[in-house]
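# Fold and contact review
For reference, the chains in residue letters:
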Amino acid sequence: MRTPQPDGGLDLDGPRGLRDVRRYSHEAMATIFEVYGVHPDAGYASQAAQAAFDLVDRLEGELSRFLPNSDIGRVNHLAAGESTQVSPAAMECLLIARHMFDLTGGAFDVSIGTGLPWLDLDPDTSIVRAVQGGVRVDLGGIGKGYAVDLVAELLEEWGLERVLVHGGFSSVLVLDPPSDAGGWPLTLSDPGSPARVLVRLVRRQTALGASGLRKGDHIVDPRTGGPVRGRRAAWVALPRPQAAKAGARAGEGPRIAPAAVADALTTAFMLMDREAVESLCERSAGLEAWLLLDAADGRSGEGGLLHFGGDVREPPPAGGGT
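Below or above, wherever it landed, is the structure these notes cover. (Residues numbered from 1 in each chain as written. Predicted model: local features only at pLDDT ≥ 70, side-chain atom pairs only at ≥ 80, totals over all residues. Heavy atoms only, no water.)

### What to know about the overall build of the protein chain
A count of helical and extended segments in the protein chain gives six helices and 14 strands. A buried classification covers 53% of the 322 residues belonging to the protein chain. Restricting the contact set of the protein chain to residue pairs at least 6 apart, pairs at least 24 apart contribute 64%. If you sum the accessible surface of the protein chain, you get close to 14100 Å²; carbon and sulfur atoms cover 49% of it. (Helix = DSSP H or I, 4+ residues; strand = E, 2+ residues; numbered from the N terminus. Buried < 20%, exposed > 50% of the residue type's maximum accessible area, 1.4 Å probe, protein only. Contact = heavy atoms within 4.5 Å. Areas by Shrake-Rupley, 256 points an atom, 1.4 Å probe, with all protein chains shown as cover.)

Shown next as structure tokens:
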């Protein structure tokens, strides 16, 4: 199995130095999901990881827009006035996506401008109704993060709590670290120059997301139809609430899914102006963001790094730590 190449420059720092950490990999959702975990019983840990990957495969079958009979495939074929029942997972993703659409002023839009508000969502019955036809949903900007959230919950149910889970390293969730570490060591690097480490982090019980342009202009602003300009990468860190560990319970509303939220915000932060990103970080407890800008003259070169939220100090220079 190939080694994941993180588009957004988020990676695990020195994984070989983590003692007693087992690694399990699985291809799904057009990327590689991995579990790094600590458990004394290798056989048991392997079974837990396999159960987690089976869950990812099931979610892909429900959330993929490429499968005509998936939940999202059926939503995308609704004409005006038609409705369909979807799985709880698909409904939760749509609810999170709609919340992030509102929060970011449309910068994060899983319908890519085709009219997300035209879908009526009823979480009590898991019914999606199209007010107008032509809405086309793509959960690629949130589905991996949502899967990472559910994988972490499942691993905790299996008793694996010292775990890092990621989907292609664009969506990462770290739980408790190995017993001899203060947290999971992570790096933020320039996607165009992976050897250029910008920030080093040590985190626990935190969701992180990354978006970058290593593959070119693949992020489109749904508000204008144009590609990203002036920004090479965005990263988000968001504390995992205690309530997220137990997942959603009957009658308690949608699941708290910090990795899905971080996934959405990194996409939005590639598009939102600096003041809007800074304002959102100031209003959201624990939300932290880094933006890697293009060089001021628009030519290739090292752009500036902006840091919002979290520690109010200025971001460290290239190769620095935080």
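### Observations regarding helix α1 (residues 42–63)
Taking 1.5 Å as the rise per residue, α1 with 22 residues should run 32 Å; its terminal C-alpha atoms sit 31 Å apart, in good agreement. For α1, the full list of buried residues reads Ala 45, Ala 48, Ala 49, Ala 52, Phe 53, Leu 55, Val 56, Leu 59, Glu 62 and Leu 63. The elements touched by buried residues of α1 are β2 (22–28), β3 (31–37), α2 (71–75), α3 (88–103) and α4 (143–157). A side-chain oxygen of the first residue of α1 lies 3.0 Å from the backbone nitrogen of Gly 43; this N-cap is Asp 41. (Expected span 1.5 Å × (residues − 1). Polar contact = N/O pair within 3.5 Å; in protein donor to acceptor, adjacent residues only side chain to side chain.)

### Details of the nonpolar core
With 76 residues, the main nonpolar core has Leu 59, Val 137, Leu 139, Tyr 146, Leu 155 and Phe 269 as its most contacted residues. Grouped together as the second largest cluster of nonpolar side chains are 22 residues, Leu 18, Val 174, Leu 198 and Ala 237 included. (Core = buried A, V, L, I, M, F, W, Y, C linked by side-chain atoms within 4.5 Å.)

### What about the packing of α1 against α3?
Each pair of packed helices can be described by the angle between their axes along with the distance between the axes. Put simply, α1 and α3 touch, their axes get as near as 9 Å, and they point 70 degrees apart. Taken as axis vectors, α1 and α3 run roughly perpendicular relative to one another. When the axes of α1 and α3 are compared, the crossing they make is right-handed. Contacts from Leu 59, Glu 62 and Leu 63 in α1 reach Ala 89, Ala 90 and Cys 93 in α3. (Axes fitted to C-alpha atoms, helices over the stretch in contact; angles between N-to-C directions. Parallel < 35°, antiparallel > 145°, perpendicular 65-115°, else oblique. Left-handed = near helix turned anticlockwise from the far one by under 90°.)

### Observations concerning the pairing of strand β10 (residues 193–203)
Here strand β9 (residues 184–190) runs beside β10; their pairing, made up of seven bridges, is antiparallel. Bridge pairing in β10 places Leu 186 opposite Leu 201. The antiparallel pairing of β9 with β10 creates a hairpin that spans two residues between the two strands. (Pairing = 2+ DSSP bridges.)

### Looking at α4
An ideal rise of 1.5 Å per residue puts 21 Å on 15 residues; α4 measures up with 21 Å between its terminal C-alpha atoms. Among the 15 residues that make up α4, 14 are buried, leaving the element largely enclosed by the rest of the structure. Downstream of α4 by a residue or two, Gly 159 has a phi angle that is positive, lying close to 90 degrees.

### Focus: the sheet that holds strand β13 (residues 288–293)
Pairing within the open sheet is antiparallel, and its eight strands lie in the order β2-β3-β7-β8-β11-β12-β13-β14. If you trace the sheet from one side to the other, it starts and ends with β2 and β14 (305–309), each paired once. Adjacent strand axes in the sheet meet at a mean angle of 10 degrees, parallel and antiparallel pairs treated alike. Examined bridge by bridge, strand β8 (residues 171–174) and strand β11 (residues 206–212) share four bridges and lie antiparallel to one another. Across the sheet, Val 174 pairs through a bridge with Thr 206, a residue of β11. Most of the contacts of helix α5 (residues 258–269) go to strand β12 (residues 231–239), to which it runs at about 155 degrees, and overall it touches β8, β11, β12 and β13. With respect to the sheet, helix α6 (residues 274–283) is in contact with β12, β13 and β14, its orientation differing from that of β14 by roughly 30 degrees.

### Overview of a negative patch on the surface
On the surface, Asp 273, Glu 275, Glu 278 and Glu 282 cluster together into a negatively charged patch. With respect to the element layout, Asp 273 can be found in the loop between α5 and α6. Exposure remark for Asp 273: the relative accessible area of 45% places this residue in the partly exposed category. (Patch = residues over 30% accessible without salt bridge, like charges linked within 9 Å, V, L, I, M, F, W, Y side chains within 5 Å. Salt bridge = Lys/Arg side-chain N within 4 Å of Asp/Glu carboxyl O. Lys, Arg positive; Asp, Glu negative; His and termini not counted. Charge placed at Lys NZ, Arg CZ, Asp CG, Glu CD.)

### Quick word on the side chain of Ser 87
With respect to the helices and strands, Ser 87 occurs in the loop between β4 (83–85) and α3. For Ser 87, a relative accessible area of 12% puts it in the buried group. Non-local contacts of Ser 87, meaning those with residues more than four positions away in its chain, are made with Glu 62, Asp 71 and Ser 126.

### Some thoughts on the pattern of salt bridges
Evaluated as defined, the whole model comprises 13 salt bridges. When the shortest N-O distance is used, the salt bridge between Glu 34 and Arg 23 registers 2.7 Å. Remark: Arg 23 occurs in strand β2 and Glu 34 occurs in strand β3; sequence separation between them is 11 residues. Glu 34 gets classed as buried once you look at its relative accessible area, which sits at 1%. For Arg 204, the salt bridge goes to Asp 176, with nearest N and O atoms at 3.5 Å. Taken together, the residues span a long stretch of sequence, with Arg 204 in the loop between β10 and β11 and Asp 176 in the loop between β8 and β9 at a distance of 28 residues. When its relative accessible area of 41% is taken as the criterion, Arg 204 is described as partly exposed. What you see here is one network of salt bridges that share partners, running through Asp 190, Arg 196, Arg 232 and Asp 294.

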